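So the chains spell out like this:
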Amino acid sequence: MARRLDTMSINPCDIIRKKRFGGELNEQEIRAFVSGVVDGSFADYQAAALLMAICINGMTDRETLALTLAMAKSGDTLDLADIPGVKADKHSTGGVGDTTSLILVPLVAACGVKMAKMSGRGLGFTGGTLDKLESIPGMSISKDIEGFKRQVRDVGCAIIGQTAELAPADKVLYALRDVTSTVDCMPLVVSSILSKKLAAGCDVVVLDVKAGSGAILDTPEKSRQLAETMVRIGNMSGKRFSALITDMDQPLGNYIGNALEVEEAIDVLAGRANGPLKDVALTLGAHILRNAGAVDTVEAGIEMLEGKIASGAGLKTFGDMIEAQGGDRGVVEDTSLLPKAPKRVELRSDRAGYITRMITSDIGNAAKLLGAGRERKTDELDLSVGIVMHKRLGEPVKRDELLATLHVGERSDRIGAFNLLKRSIVIGDGKPEVKPLIQAVVE
């Protein structure tokens, strides 16, 4: 049953006026606001006015924590105490070719730490974990809470969609933020992300905050501020949080698109693929293991995860998770069972030089034009389409060398995607300086 917050006899206009003039809202006022947007006693125009006042005047840590906790308690909260051991989760702020969850979740579970993950769908140029999983034949991302907990207990991991009653205040507030230009307001971003993580009941959460041309936030400074604020507020809640700031100046993996990214994740788990995608997935997973007390250091965590790849335990656990959610576990041995696009189109270089820049958001948008992403939540995806990148930043290229392959479906905007992808890969004369893959760790 949804848990309803106590109704506070506070006039919405008084709360708006207080924040409009830069005052600090107390816990009762914030709880009244959150309760009001859920039960409708706070009109949309009043909620929008308060969101704008928050965006202009900001929030203290105490206000942000109160908002986060009130949103987390605005609906169902998961109690995972009857699952033995530490329960962990991971969250990414979204990127292109970012398939780390499908790698680290089964690997961490194979190391004995329970991974109880609720994920979202892709929107815009960022891919969604649920969409990727649904490209596996028969795979379901829906389970009731008891079924979810049973799978975590028995298999060690589960990835499902967020339940309708988990942090319902966030759904209402995000819809208003989307139409009032307050999406990038830091305390609202923090409370939106953390409320869902806290409501999901895990003990340990590791955050992957992106920085670069494919990040949601437009400057490295904002990415660092977001990471630091989320870790600070998350730890104030009594859970253990840490964050990595990782590079998104180019796609993380070489495969972009739903079935394609599942294929690359399987290649990593099977020991057939190395590179930045594996490096970030293992580093995030190692922080989870360290924070959960399974190892003493991140280096020991990476070594343990590498061992689960070498032994095949990580791939087996992924297969177990797929099977438990109704999917065909045969994909872990035969990726040809995944959906395949009917056509291939090659993008080749028109000059020699070095890859000096990638506009990662445009690469993601090119995949969206092929049908791999959605503009609106109701858009239907083609799970087979996408892009395979053959070059990375700083690498030399020859004239007419293959840069990328577009996997094209019947409904794809092939020309639009090709032209956008071509513009997003810049070739210059000098070898550029490439930023570190992991730019900072926040704890």
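The coordinates are above.
Every chain is numbered independently, its residues counted from 1 as its sequence is written. Per-residue local features of the predicted model are confined to residues with pLDDT of at least 70, and side-chain atom pairs are confined, for both listing and counting, to 80 or more; whole-chain, interface and lining totals are unaffected and use all residues. Values shown for side chains rest on all heavy atoms present in the structure; no hydrogens or waters enter the calculation.

### A few points about the packing of helix α2 (residues 27-39) against helix α4 (residues 61-72)
- Lines fitted to the C-alpha atoms define the axes, with helices restricted to the stretch that makes contact. Angles between their N-to-C directions range from 0 to 180 degrees. Here a helix means four or more residues in a row that DSSP labels H or I, a strand means two or more in a row labelled E, and each is numbered from the N terminus. The N-to-C vectors of α2 and α4 enclose an angle of 40°; their axes lie 9 Å apart at closest approach. On the basis of their axis angle, the class for α2 and α4 is oblique. Crossing of α2 over α4 shows right-handed handedness. In this structure, α2 uses E27, I30, R31, F33 and V34 to contact α4, whose residues at the interface are E63, A66, L67, A70 and M71.
- Side-chain classes are defined by residue name, with Ala, Val, Leu, Ile, Met, Phe, Trp, Tyr, Cys and Pro counting as nonpolar, Asp, Glu, Lys and Arg as charged, and the others, Gly among them, as polar. Across the contact of α2 with α4, the residue classes break down as seven nonpolar, no polar and three charged. Between 65 and 115 degrees an angle is taken as roughly perpendicular, under 35 as roughly parallel, over 145 as roughly antiparallel, and anywhere else as oblique. The handedness criterion is simple: a crossing whose near helix is rotated anticlockwise from the far helix by less than a right angle is left-handed, and one whose near helix is rotated clockwise is right-handed. Any two residues whose heavy atoms approach within 4.5 Å are treated as being in contact.

### A few points about helix α16 (residues 414-424)
- Each residue is assigned to one of three classes by its accessible area relative to the maximum for its type, calculated with a 1.4 Å probe on protein chains only: buried under 20%, partly exposed between the two thresholds, exposed over 50%. Inspection of α16 places A417, L420, L421 and S424 among the buried residues, and these make up the whole buried set. Buried residues along α16 cover an arc of 100° about the axis, so they all sit on one side. Relative to its buried face, α16 has exposed residues pointing more than 90 degrees away, namely I415 and R423.
- Looking at the buried positions of α16, the neighbouring elements they touch are β7 (343-348), β8 (353-358), α15 (360-370), β9 (386-389), β11 (402-408) and β12 (425-428). To be clear, the arc concerns the directions from the helix axis to the C-beta atoms.

### Quick word on the sheet that holds strand β13 (residues 438-442)
- What the six strands build is an open sheet, ordered β3-β2-β1-β4-β5-β13; its pairing is mixed. The sheet terminates laterally at β3 (157-161) and β13, the two strands that pair on one side only. Each neighbouring strand pair of the sheet contributes to a mean axis angle of 20°, computed without reference to strand direction.
- Where strand β5 (residues 240-247) meets β13, four bridges bridge the pair, whose relative direction is antiparallel. We call two strands paired when DSSP finds no fewer than two bridges between them.

### Considerations on the nonpolar core
- Residues belong to a common nonpolar core when they are buried Ala, Val, Leu, Ile, Met, Phe, Trp, Tyr or Cys residues joined through side-chain atoms within 4.5 Å. By size, the foremost hydrophobic cluster in this structure holds 76 residues, and its most contacted members are L133, I136, F318, I387, M389, L406 and L421.
- Ranked by residues supplied to this core, first place goes to helix α12 (residues 276-291) with eight residues.
- Once residues within four sequence positions are removed from consideration, L406 is found in contact with K343, R344, V345, L347, L370, G386, I387, A417, F418 and L421.
- Of all hydrophobic cores here, the second largest spans 35 residues; its members include A116, V209, M230 and I233.

### Observations regarding the environment of N291
- Mapped onto the fold, N291 is located in helix α12.
- Using a relative accessible area of 8% as the deciding quantity, one classes N291 as buried.
- Once you skip the residues sitting within four places of it in the chain, N291 turns out to touch V204, V206, R240, S242 and E443.
- The definition of a polar contact used here is a pair of N or O atoms within 3.5 Å, where within protein one atom must be able to donate a hydrogen and the other to accept one, and adjacent residues in sequence count solely through side-chain atom pairs. A distance of 2.8 Å separates the side chain of N291 from the side chain of R290, its partner in a polar contact.

### Some thoughts on the pattern of salt bridges
- A pair is scored as a salt bridge if a Lys or Arg side-chain nitrogen falls within 4 Å of a carboxyl oxygen belonging to Asp or Glu. In total, this model carries 27 salt bridges according to the counting rule given.
- Here R153 ties to D82 by a salt bridge, and the two come within 3.5 Å at their closest N and O atoms. Of the two residues, R153 is situated in helix α7 (residues 145-155) and D82 in the loop between α4 and β1 (87-92); the sequence distance between them amounts to 71 residues.
- Overall, the relative accessible area of 29% leaves R153 in the partly exposed class.
- In this structure D82 comes out as partly exposed when scored by relative accessible area, which is 42%.
- A salt bridge links R348 to E346; the nearest nitrogen and oxygen atoms lie 3.0 Å apart.
- On the accessibility criterion, R348 (35% relative accessible area) is partly exposed.

Honestly, that's just the spatial picture; any functional story needs more than this.
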